[in-house]
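# Coordinates in review
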Amino acid sequence: MLDAGGVIVEVLASNANAPPTRNNLNSWITTFGLPVTALIDPSGVGTRTLTTYGVRESTFIVDLATMVVVFKVNGSVAGVGPSGVAQAIPRMLELLGAP
């Protein structure tokens, strides 16, 4: 997907329903070896991403030319079934015109 021109950004939206810290983010990146851009909300805004966009495993595809969400899916928060990302990748590749 990255080779086809896609961009992945992961947002660590909470840590046990509290705002995550920089140390939480660093641990998340290190533990899972994330090869993508990962970020947290700025200090002082609480869990704005979680509050605005929903539960973990929410996956969005955004058209960067228009900044419009063109696809949204929720994966299982129980860890059963396909993740949000696994469900979004085929659509992302289709939108990118990848084989």
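Scope of this entry: the structure provided in the associated data block.

Criteria and thresholds
- Once a new chain begins, its residue numbering starts again from 1 and follows that chain's sequence as written.
- Under the rules for a predicted model, residues below a pLDDT of 70 receive no local features and side-chain atom pairs below 80 are neither given nor counted, while totals for whole chains, interfaces and linings still include all residues.
- The basis for every side-chain value is the complete set of heavy atoms in the structure, and neither hydrogens nor water enter the calculation.
- The working definition used for a salt bridge is a side-chain nitrogen of Lys or Arg within 4 Å of a carboxyl oxygen of Asp or Glu.
- The secondary structure listing takes helices from DSSP runs of H or I that are at least 4 residues long and strands from runs of E that are at least 2 residues long, numbered from the N terminus.
- Type-normalised accessible area, obtained with a 1.4 Å probe on protein chains alone, sets the label of each residue: buried when under 20%, exposed when over 50%, and partly exposed for intermediate values.
- Whether two residues are in contact is decided by their heavy atoms: any pair within 4.5 Å suffices.
- Any Phe, Tyr or Trp ring, taking Trp's six-membered ring, that has another such ring centre within 6.5 Å forms a pair; planes under 30 degrees apart are called stacked, those over 60 apart edge-to-face, and the others tilted.

## Observations concerning the pattern of salt bridges
Should their charged atoms come close, side chains of opposite charge can pair. In total, this model carries one salt bridge according to the counting rule given. Put simply, Glu94 and Arg91 hold a salt bridge, and the shortest N to O gap is 2.5 Å. Here Arg91 and Glu94 lie together in helix H3 (residues 84–96), a separation of three residues that amounts to about one turn. Given a relative accessible area of 27%, Arg91 falls into the partly exposed group.

## Considering the environment of Ala38
When you line up the elements, Ala38 lands in strand S2 (residues 37–39). The exposure class assigned to Ala38 is buried, which follows from its relative accessible area of 18%. Expressed as a C-alpha distance, the spacing of Ala38 and Asp63, which sit 25 residues apart in the sequence, is 19 Å. Apart from residues lying up to four places away in sequence, Ala38 is in contact with Glu10, Leu25 and Ile29.

## Brief notes about the packing of aromatic side chains
According to the stated counting rule, one finds two aromatic pairs in the structure shown. Between the aromatic rings of Trp28 and Phe32, the centroid separation amounts to 4.7 Å while the plane-to-plane angle is 55°, which identifies the pairing as tilted. Here Trp28 pairs with Phe32, and both are found in helix H1 (residues 22–32), just four residues apart, close to one helical turn. Residue Trp28 is classed as partly exposed on the basis of its relative accessible area of 30%. Ring centres 5.3 Å apart and planes at 70° place the aromatic pair Tyr53 and Phe60 in the edge-to-face group. Its relative accessible area of 45% is what places Tyr53 among the partly exposed residues. Take Phe60: its relative accessible area is 28%, and that puts it in the partly exposed class.

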